[in-house]
Structures are given as structure tokens and as C-alpha cells.
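The chain contents come next:
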Amino acid sequence: MNADQAELNKFSEIAHHWWDPTTEFKPLHDINPLRLNWINEHASLAGKQVVDVGCGGGILSESMARLGATVTGIDLSGKALKVAMLHALEAQVPVTYREISAEGLAEEQATAFDVVTCMEMLEHVPDPASIVTACAQMVKPGGMVFFSTLNRRPKAYLHAVLGAEYVLGLLPKGTHDYLKFIRPAELANFARQAGLELVQFRGMGYRLFTDTYELNNDTSVNYLLCCRKPI
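A. Quick peek at the sheet that holds strand S2 (residues 70–75). Ordered by their spatial adjacency, eight strands build an open sheet running S3-S2-S1-S4-S5-S8-S6-S7, and the pairing between neighbours is mixed. At either end of the open sheet lies a strand with only one pairing partner, and these are strand S3 (95–99) and strand S7 (212–216). Between one strand and the next, the sheet's axes are offset by a mean angle of 20°, whatever the strand orientation. Bridging between strand S1 (residues 49–53) and S2 involves five bridges; their strand directions are parallel. Counted as the bridge partner of Gln49 is Thr70 from S2. Along the sheet, helix H2 (residues 26–43) makes contact with strand S4 (113–119), strand S5 (139–150), strand S6 (197–207), S7 and strand S8 (222–228), crossing S7 at roughly 30°.

B. Layout of the packing of helix H6 (residues 128–138) against helix H8 (residues 184–193). Between H6 and H8, the shortest axis-to-axis distance is 9 Å and the interhelical angle comes to 45°. The angle between the axes of H6 and H8 places the two elements in the oblique class. Once H6 is placed against H8, the crossing between them reads as right-handed. Seen from H6, the contacting residues are Pro128, Ala129 and Val132; seen from H8, they are Leu187, Phe190 and Ala191.

Parameters at a glance
- Residues numbered from 1 in each chain as written.
- Predicted model: local features only at pLDDT ≥ 70, side-chain atom pairs only at ≥ 80, totals over all residues.
- Heavy atoms only, no water.
- Pairing = 2+ DSSP bridges.
- Helix = DSSP H or I, 4+ residues; strand = E, 2+ residues; numbered from the N terminus.
- Axes fitted to C-alpha atoms, helices over the stretch in contact; angles between N-to-C directions.
- Contact = heavy atoms within 4.5 Å.
- Parallel < 35°, antiparallel > 145°, perpendicular 65-115°, else oblique.
- Left-handed = near helix turned anticlockwise from the far one by under 90°.

Encoded structure:
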């Protein structure tokens, strides 16, 4: 299975914090409106069949469902999925959650989704190219696939590891392994090899003095990629 058990254990241990924006998941809550709007701009989520790969506690999954998408969230952390299910039930937001790998769902439901999202996950798995391929297999021809991850550059180590984890305390120490970060050219190659067309790269930056995030053209730390599957 394309999963790192240590990574799963790490996120399972803090799964109960997922929906508390004052905890280590604050950055996810802060960036969620940015990534949601960006996805919606490219894919017009209302009425679409969507799968959220590596959904965790369901922050993005619920947000897409609130915009009118029919959403399936998948993850290999059972604890995170239980948190996601409970929150969706309490919030009365219809989301289907399943404990299944991206590769497993791709075999089961090839070309079943209009939109596939895989955000903040690729840098946590042993074989990110396999995840990209699975995402490409799940999306319908003409459908959209979205990724976000971290760039393997010294600036990303400085900001995302030393800064976010050790100086500012925005994330728990050990959240990221710099060697697993993925350069944009590498992700672009994974996507092309999977048969996807590149649509747009976007960078995401953090403004320290205002404690806010923004989308920009600087992909040197956090970045997002929008792809399309040819018809």
C-alpha cells in the first residue's frame, strides 16, 4: 500500500483537533477559502461528482459539498475519517467518507468523477507519482484534477519546516520531511506521464505581520497545480 504508517500514526494522534482552528490545524482552516475558491473558479463545483483524496478530517470536503458538489472523501487514517464523519453529521453536510487508497478507488471507480482534489498529501506518501496516476484514472475525460504540495527548495525548508514548525509553532515539529517535498517540474512530469494537461500553477504565501495567506505566482514554497484530462 502506498502509505507511510508513521505518517498515518502522526496524523491519527492529533485527529481530534482537526476542526479546532486554534490548534495545529489552524493553517488548514486559514488556507481553505483560498484553495476552495481557486478550485471552484476552474471547475464550477455545483452539481459535480468530486473525490477528495487524502481528505483527513474533511475541511475541504465539506466546503466543496456546501457549494453543491456531491463529494466522496477518502483517506487511510480511520481516526481522521471518524472525525470527518461526525462533523459532517453534526453540520448536516452530506459527504461520503471511505477508508480506501487512491489506487484502490481508481481500480473500483475509474473515470467516475468530474473533479479530483489531492491537497497537502503528496509530500506524505512514499510514491507520489502513483497517487497522481490514480487521480488521473479516477477523473472523467474533460474533468479537472487539483494538487497542492511543497517545493523541495531551501526557501521551503526555511519557511515550512524551520519557520512554521520550530520558530512560529504554526505546525507540530516533524510535520514535514523536506526530502519528500516535490519540485513543480517533478509534479508536472508526474501529471503529464499520467495523461493530464497542465492548466495552471499557483503559489501560496504567508504574510507574517497580518497572519494571512494569499495566492500568488511564487511557487518556491507552497504551490498548487490545476490539470485537465483530455477528452
